[in-house]
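# A closer look at the structure
So you can see what is in the structure, the chains are spelled out below.
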Amino acid sequence: MAEILPFKRTPAPDREPDPLWREVLGRSLRATREKRGVRLVDIAERAGISPQYLSEIERGRKEPSSEMIAAVTGALGVDLAELLIGIAGDVQRIRGAAPVRRPAGPVLMAA
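In this text the structure is predicted, and so the values were computed from the model without any measurement. (Residues numbered from 1 in each chain as written. Predicted model: local features only at pLDDT ≥ 70, side-chain atom pairs only at ≥ 80, totals over all residues. Heavy atoms only, no water.)

## Points about the side chain of Glu 58
Examined against the element boundaries, Glu 58 turns out to sit in helix α3 (residues 51–58). Among the polar contacts listed, one links the side chain of Glu 58 to the side chain of Arg 30, at a separation of 2.9 Å. Leaving out residues up to four positions away in the same chain, Glu 58 has contacts with Gly 26, Arg 27, Leu 29, Arg 30, Arg 33 and Leu 40. (Helix = DSSP H or I, 4+ residues; strand = E, 2+ residues; numbered from the N terminus. Polar contact = N/O pair within 3.5 Å; in protein donor to acceptor, adjacent residues only side chain to side chain. Contact = heavy atoms within 4.5 Å.)

In structure tokens form, the structure reads like this:
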């Protein structure tokens, strides 16, 4: 059996650490909501979640489930795929990275 190694989020010495998914997602959801001029409590009510929980999502404090993300994007009237593509672009800009490349060879995936 393979050894389980602890995960440490240490950046390369010459750059900041990569942003956490929940932080980038939260910023994107908040920016979309504010751009549309909608109050947090109204979106939370439409999504069927508490305003406190939505606030925690927007601040990057909570890692929402896929169902919660779908509920919030639905309440915002945002296409989930477009949101995810925008988030991927944001992460690439933050990292200053080139677009993600596909592997040259075979990829092994765990089941």
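## Examining the nonpolar core
Counting residues in each nonpolar core, the largest one holds 18 residues, and the members touching the most others are Leu 29, Ile 43, Ile 49, Leu 54 and Val 72. For this core, the secondary-structure elements that each account for two or more residues are α1 (21–35), α2 (40–47), α3, α4 (66–76) and α5 (80–95). (Core = buried A, V, L, I, M, F, W, Y, C linked by side-chain atoms within 4.5 Å. Buried < 20%, exposed > 50% of the residue type's maximum accessible area, 1.4 Å probe, protein only.)

## Let's talk about the pattern of salt bridges
Following the criterion strictly, the structure yields five salt bridges and no others. Its salt-bridge partner being Glu 58, residue Arg 33 comes within 2.7 Å of it at the nearest N-O pair. Taken together, the positions of Arg 33 in helix α1 and Glu 58 in helix α3 put the pair 25 residues apart, joining distant regions of the chain. We note that Arg 33, like Glu 58, is buried. Between Asp 90 and Arg 93 there is a salt bridge, and its shortest N-O distance comes to 2.3 Å. Here Asp 90 and its partner Arg 93 are both found in helix α5, three residues apart, which amounts to about one turn of the helix. Judged by its relative accessible area of 26%, Asp 90 is partly exposed. Several salt bridges converge on common partners, so that one network encompasses Arg 30, Arg 33 and Glu 58. (Salt bridge = Lys/Arg side-chain N within 4 Å of Asp/Glu carboxyl O.)

## A look at the packing of α2 against α4
The description of two helices packed together rests on the angle between their axes and the distance between the axes. Axis separation between α2 and α4 bottoms out at 8 Å; the angle between their running directions is 120°. Compared by their axis directions, α2 and α4 come out oblique. For the element pair α2 and α4, the recorded crossing hand is right-handed. Within the contact between the two elements, α2 uses Ile 43, Arg 46 and Ala 47 and α4 uses Ala 71, Val 72, Ala 75 and Leu 76. For the contact of α2 with α4, the residue count by class is six nonpolar, no polar and one charged. (Axes fitted to C-alpha atoms, helices over the stretch in contact; angles between N-to-C directions. Parallel < 35°, antiparallel > 145°, perpendicular 65-115°, else oblique. Left-handed = near helix turned anticlockwise from the far one by under 90°. Nonpolar A, V, L, I, M, F, W, Y, C, P; charged D, E, K, R; others polar.)

## Overview of the environment of Leu 76
Summarising the element assignment, Leu 76 is placed in helix α4. When the C-alpha atoms of Leu 76 and Thr 32 are compared, they prove to be 7.8 Å apart, with 44 residues separating the residues in sequence.

## Things to note about a nonpolar patch on the surface
Together, Trp 21, Leu 80 and Leu 84 make up an exposed nonpolar region whose accessible area comes to about 240 Å². Its location among the elements puts Leu 84 in helix α5. (Patch = residues over 30% accessible without salt bridge, like charges linked within 9 Å, V, L, I, M, F, W, Y side chains within 5 Å. Areas by Shrake-Rupley, 256 points an atom, 1.4 Å probe, with all protein chains shown as cover.)

## Focus on the environment of Glu 58
On the basis of relative accessibility, which here comes to 4%, the residue Glu 58 falls in the buried class. Within the structure, Glu 58 has its side chain in polar contact with the side chain of Arg 33 (distance 2.7 Å).

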